[in-house]
Structures are given as structure tokens and as C-alpha cells.
Amino acid sequence: MAGKERLGVGLIGTGFMGRAHSNAFRQVGQFFQSPYRLELAAVCSRSADKAAAFAENWGYATHETDWRRMIERADIDIIDIASPNDTHAEIAIAAAKAGKMVLCEKPLGRNTAESRAMTEAVETAGVANMVWYNYRRAPAVTLAKQLIADGGLGRIFHYRAKFLQDWTISPDVPQGGTATWRLDAEVAGSGVTGDLLAHSVDLALWLNGGIDEVSAATETFIKERVHSLTGARTEVKIDDASLVIARFANGALGNFEATRYARGHKALHTFEINGERGSIAWDLHNLHLLEFFDHGDKSGLRGWRTLHITDSDHPYMKNWWVPGLQIGYEHTFIHQVADFLAGLGGSLGGPSEVPTFREALATDLVTEAVLNSAAERRWTKVAAA
């Protein structure tokens, strides 16, 4: 790695996403060429013991318990925010003002006011920025993007997506605290709309363009839960399920479903797109496959085909194994880091690779419109990013 420009990474958060990001930082240089060399400079957690253990396991040189100290450090060039949603805005804005590149988990903010402030901060500072909408980087999804861009589906008529889980069905699951902060509106901002639906919306905007208006319904099935921090039974203010009908700017109709109350589903994340010339479908459970229907096929042979996305001419795959050997979930994060570094160009502070904060703001504006539509029981326009 001689001659490569060093970039020091400071990670904030030691949970599931902190592990996924750390794995990507460690692996990217082994499989993708870049003029940059990432060094894991520091990890931050509120718990010194957790920070120390995480640093030792993942190879971070040091650990901190105050993210402000990380932003002050000259050896840290990139601040990566993998902490709960209520911390995103303050950290991102401070990091941008300090001239750091900023990576942030989704959703960008708890609400669009936070998201706009974060976007304005990174753009005013001129720092590279990115939000971890990693499913774009599944090779099959990237291939779907290429097929659509090349006109392979023709005019798009329908976009349908769902993201289903079942982990909050029991009324004994608490809200708040380290493990279940996603059920606490003060920390999360919203429920499945900002957590799961946001992934589906991000893919929809990337693959099919902007959404003009939505009509939505949400539901909170269990109205009260014990709060982990206080022990008191308190009102649940996040949404457990979300159903959305959407009109795209290109005239297509969309429907989206997100829930944590679909028994038997842990992470069923899918989309299907129907166009005048063909259709495509993708399922996270088989993320290396893309289902494709081409109406241009000879009539007697026309039908859905399954594309096994492992060949060297498929997106990203030339950097991995021989054709026929598939990759997995963790590789989507590695691809995102590789694209981010490629987007920097040959010097620090250059334009970052998508999705930027501005694009994540566009997703947050759609989810805000969903929540407003559900509350007001009417079609709602999506504000411009």
C-alpha cells in the first residue's frame, strides 16, 4: 500500500451496523483498488468497556467515550455515524463544521428538519458525505439499475415493494434502551416507516425516479410497552406497519408495505418492476439472483428467467471469486465503501459517491409525506429536496 493516501476512520457506535461498517472498512482495500488506504483510528461508545472490546476485536487503534473528542482529532478524516437516530444530526453537523467527511446510517435524521440541517451542513462545508443505503450495492440490484437505464424495461408502469419482519409482535418486547431504541419515538423518530420502508423508498427513487405524492395508512398494534430505562408502561408512538400507494413523476404507480408484524419473516425485502418491454424482481433472501422477463423473447420461449449474478461482467463481481460462487449481505457494505472512495477522485474532499445526504433527504421527505398522509387520511404531495 505504499504511496496511498491515508484516511483515518472514526466510528461512532458499536452495534450491528458498527460491525457491518467495520468489516467493510477492513475488507475494501483487499478487493478494490483505490488511491486511499483506510486506517481504523478510533471507535466510540458510551461504554468504555464496549469501546475497548470492539476496538480490540476489529482492529481500531484507540477508543473513545466522547464523540466530540474524535471530531477534534487530527488523525481522523472520516466520521462514520452508526449510533441511534437521535444522535445523527448533532454529530454530523459538528463533524462537517470540523471539515471531516461524514458517513451516516439511515434514516438521515429523525425528521426532515434534522435531515435538512445535516444536508446543509455537509454541503456548506464542502465535505464528502454518504448515507448507508447498502441494498443499492447488491450486484443484482445494480444490474437492475443498468437494465432500466438502458431501456430494457421500456416505460415503467408499476413498482411494488415490501419489507417484512416479525420481531416486535410480542407485547413483552420493551421500548427504549440499547436493544430496543427503535421502538422509542424520541430516539428513532418513527417506526417501520423510517427504518424499513426507507430502504424500499431509497431503491424506488434510485431505480424509478422521484415520487410526487402518496396515500398511506399506518398502525401501532400494541399501544403501550414497558420502557427499558424507566420500567414504566408508556405509550408507543412509533408505527408498527405502513401501507403506501404512490404516484411516481414518470407516471408509474407504486405500492409499498413495511411491517414488523409479519409472522415468519425476519427480513423479507423485495421489489418488482413492470414495464412495457419486460419486468424484473429481486428478493434479499436470494440477493445474488435477479428475476427477468423479456417480452422481446420468441413467443414460444417467453417466460421468467433467473439470472445468477456471479459472472465477471456483472456489477462488482470481477473483484470477487470465479463465476458461480456467490457473495452475501456484508459485501453490499464493502461495495459502498469502494464506491465512496472512487467518488473522492484523487484528492481529499472531492465529490462523494451516491447516496449523498441530499439523496437521503429525498427519501426522508417521502417517508415524512407517508406519515402525514396516514395521520390526515389523504393524498399528500412529497416536498422537494
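Residues numbered from 1 in each chain as written. Predicted model: local features only at pLDDT ≥ 70, side-chain atom pairs only at ≥ 80, totals over all residues. Heavy atoms only, no water.

Enquirer: Please explain the pairing of strand β8 (residues 211–219) as it appears in this structure.
Expert: Each regular strand displays side chains that alternate between the two surfaces of the sheet. In this structure, β8 lies alongside strand β11 (residues 241–248), joined through eight bridges in antiparallel fashion. Residue pairing for β11: T218 is matched across the bridge by S242. Note: β8 against strand β17 (residues 380–381), two bridges, orientation antiparallel. Paired with V214 across the bridge in β17 is T380. (Pairing = 2+ DSSP bridges. Helix = DSSP H or I, 4+ residues; strand = E, 2+ residues; numbered from the N terminus.)

Enquirer: Help me understand the environment of A362, please; the structure alone is not making it clear to me.
Expert: By the secondary structure assignment, A362 is in helix α10 (residues 357–376). Taking C-alpha positions, A362 is 18 Å from K145, a pair spaced 217 residues apart along the chain. Look past the residues within four positions of A362 in its chain and what remains in contact with it is L205 and A385. (Contact = heavy atoms within 4.5 Å.)

Enquirer: What should I look at first to understand the nonpolar core in this one?
Expert: Among soluble globular proteins, nonpolar side chains are generally buried collectively. Judged by nonpolar contacts, the single largest core of 46 residues is most densely connected at Y159, I211, F256, F271, I273, I280 and W282. Residue contributions to this core peak at nine residues, all from helix α8 (residues 192–208). Dropping the residues within four chain positions of it, F256 is found in contact with Y159, A161, L197, S200, V201, A204, I211, S242, L243, V244, A246 and F248. Core analysis: the second largest hydrophobic core is formed by 35 residues, L40, V43, I78 and M101 among them. (Core = buried A, V, L, I, M, F, W, Y, C linked by side-chain atoms within 4.5 Å. Buried < 20%, exposed > 50% of the residue type's maximum accessible area, 1.4 Å probe, protein only.)

Enquirer: How should helix α4 (residues 88–97) be read in this particular structure?
Expert: Note on helix geometry: an α-helix contains 3.6 residues per turn, so any two residues three or four positions apart are oriented the same way. Here α4 has its buried residues at H88, A89, I91, A92, A95 and A96. Along its buried surface, α4 packs onto β1 (5–12), α3 (67–72), β4 (78–81), β5 (101–104), α5 (112–125) and α10. The positive-phi residue at the C-terminal boundary of α4 is G99, with phi of around 80 degrees.

Enquirer: Can you help me understand unusual backbone geometry in this one?
Expert: Here the residue pair K106 and P107 is connected by a cis peptide bond, since its omega of -10 degrees sits within 30 degrees of zero. On the secondary structure map, P107 appears in the loop between β5 and α5. Even without a glycine there, the phi angle at Y316 is positive, about 70 degrees. Tracing the chain through its elements places Y316 in the loop between β16 (305–308) and α9 (329–343). One non-glycine residue, R377, lies in the positive phi region at around 55 degrees.

Enquirer: Explain the sheet that holds β4 to me, please; I cannot follow it from the model alone.
Expert: Pairing between the strands of a sheet is mediated by backbone hydrogen bonds and can be parallel or antiparallel. Taken together, six strands build an open sheet; the order of strands is β3-β2-β1-β4-β5-β6 and the sheet is parallel. The sheet is open, and its two edges are formed by β3 (62–64) and β6 (129–131), each paired on a single side. The sheet shows a mean angle of 25 degrees between the axes of neighbouring strands, direction not considered. For β1 and β4, the ladder comprises four bridges, and the chain directions are parallel. Opposite I12, over in β4, you have I81 as the bridge partner. Contacting β1, β2 (36–44), β4 and β5, helix α1 (residues 16–31) runs over the sheet at an angle of about 150 degrees to β2. α10 contacts β5 and β6 of the sheet and is inclined by roughly 35 degrees relative to β6. (Axes fitted to C-alpha atoms, helices over the stretch in contact; angles between N-to-C directions.)

Enquirer: Help me understand the packing of aromatic side chains, please; the structure alone is not making it clear to me.
Expert: Aromatic ring pairs: the centre-centre distance and the angle between the two ring planes describe each pair. Using the criterion set out here, one finds 19 aromatic pairs in the structure. When the ring of F32 is compared with that of W320, the centres are 6.0 Å apart and the planes differ by 75 degrees; the resulting orientation is edge-to-face. With F32 in the loop between α1 and β2 and W320 in the loop between β16 and α9, this residue pair connects regions lying 288 residues apart in the sequence. Take F32: its relative accessible area is 11%, and that puts it in the buried class. Here W320 falls in the buried class, since its relative accessible area comes to 9%. Ring geometry for Y159 against F248: centres 5.8 Å apart, planes inclined by 45 degrees, an arrangement best described as tilted. (Phe/Tyr/Trp six-rings, centres within 6.5 Å; stacked < 30°, edge-to-face > 60°.)

Enquirer: What is the right way to look at the pattern of salt bridges in this model?
Expert: Side chains that differ in sign of charge can pair as their charged atoms come close. Under the defined criterion, the tally for this structure stands at 24 salt bridges. Between R110 and E114 there is a salt bridge, and its shortest N-O distance comes to 2.7 Å. Here R110 falls in the partly exposed class, since its relative accessible area comes to 29%. Connected via shared salt-bridge partners are R6, R37, E39 and D77. (Salt bridge = Lys/Arg side-chain N within 4 Å of Asp/Glu carboxyl O.)

Enquirer: When you look at α5 in this model, what are you seeing that I'm missing?
Expert: Taking 1.5 Å per residue, 14 residues should reach 20 Å; α5 reaches 20 Å between its end C-alpha atoms and fits that length. Those residues of α5 that fall on the buried side of the exposure criterion are T112, E114, S115, M118, T119, A121 and V122. The elements touched by buried residues of α5 are α4, β5, β6 and α10. Capping of α5 at its N-terminal end is provided by N111; its side-chain oxygen lies 3.2 Å from the backbone amide nitrogen of A113. Of the residues one or two after α5, G126 is the one with positive phi, at around 70 degrees. (Expected span 1.5 Å × (residues − 1). Polar contact = N/O pair within 3.5 Å; in protein donor to acceptor, adjacent residues only side chain to side chain.)

Enquirer: Hey, could you run me through the pairing of strand β15 (residues 289–294) in this one?
Expert: Note: strand β14 (residues 278–283) against β15, four bridges, orientation antiparallel. The residue of β15 that forms the bridge with G278 is D294. Where β14 folds back onto β15 in an antiparallel hairpin, the turn is made up of five residues. When β15 meets β16, the two strands line up antiparallel, connected through four bridges. Looking at the pairing, F292 lines up with R305 of β16.

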